[in-house]
Structures are given as C-alpha cells and as structure tokens.
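If you want the building blocks of each chain, they are given just below.
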Amino acid sequence: RMAEAAPASAAPRPPIPPGVINVWINKGESGYGIYFKQLNSGDGMVVSKLDPGSEADKAGVQHGDHLVMVNDVDVRFEDYQETLNRVRSLASCKMTFVPGSTF
C-alpha cells in the first residue's frame, strides 16, 4: 500500500536556525517568570520580559530571543494562544530558544 502524499498546502517547515538555547523550566508559584509577545507565523514568539533570577534568566535567555519549540514540538507556526496554553498547562517543560540576533 502506498503512502498518501501530503496536501500541496503542507509545505515543509524551514529548519530551526543554529545556536539554540535549551532551557528546562519548572513552573513556580507565579508561573515561569518569562513573558512573550506574538510574532508573525513562522517566527515563534519573542521574549518580551524575564523575571530576574528566573531559570530562563539564569540559563542566558534574553529579551528578544524567539521561542521555537516546547518539549521538542515546533511551535513556530502555532497560534499564539495555543502555544501559551501548551506552556501554561505544564508543571515543567523544555523550551528551545533562538537568539534574537539570529533573526
């Protein structure tokens, strides 16, 4: 039996740029201590604020970095609210960022 071809609209996703930062974060009483703003589809979400001393801050995540994966799931093309809900539903997660200078 032959595999069905993907629909023409399902274009392959571009590779994630090099130089990623992987951060394993546990949710604290007030959340993860990292805040995002929405970008165009394909660019992920950008870090708009970090709480000083948060795990992301300690790991070197910076204002302007792009969140591209959550628990190894590519979120660059997800709806902003869908990605927020994904992160908020987890007690801990791996977040993958691309430095803002890469974009």
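Residues numbered from 1 in each chain as written. Predicted model: local features only at pLDDT ≥ 70, side-chain atom pairs only at ≥ 80, totals over all residues. Heavy atoms only, no water.

### Here's the deal with the pattern of salt bridges
Here is step 1: Applying the stated criterion across every chain, the model contains 3 salt bridges.
Here is step 2: The partner of Glu78 in a salt bridge is Arg86, with the nearest N and O atoms 2.3 Å apart.
Here is step 3: Assessed through its relative accessible area of 17%, Glu78 is described here as buried. (Salt bridge = Lys/Arg side-chain N within 4 Å of Asp/Glu carboxyl O. Buried < 20%, exposed > 50% of the residue type's maximum accessible area, 1.4 Å probe, protein only.)

### With respect to the confidence of the model for the chain
Should pLDDT be low for a region, the predicted coordinates there are not to be read in detail.
Here is step 1: Model confidence for the chain is summarised by a mean pLDDT of 82, while 84% of its residues fall at 70 or above.
Here is step 2: By mean pLDDT, the top-scoring element of the chain is strand E3 (residues 45–50) (94), and the lowest-scoring one is helix H1 (residues 55–58) (82).
Here is step 3: Low confidence marks residues 2–8, where pLDDT is under 50. Its contacts with residues over four positions away, or in another chain, come to 0 contacts. (pLDDT = per-residue confidence, 0-100. Helix = DSSP H or I, 4+ residues; strand = E, 2+ residues; numbered from the N terminus. Contact = heavy atoms within 4.5 Å.)

### A few points about the environment of Phe97
Here is step 1: Looking at the element boundaries, Phe97 is found in strand E6 (residues 92–98).
Here is step 2: For Phe97, a relative accessible area of 0% puts it in the buried group.
Here is step 3: With 80 residues separating them in the primary sequence, Phe97 and Pro17 have C-alpha atoms 9.8 Å apart.
Here is step 4: When neighbours within four sequence positions are excluded, Phe97 is seen to be in contact with Gly19, Val20, Ile21, Val23, Ile34, Phe36, Val47, Val61, Asp65, His66 and Leu67.

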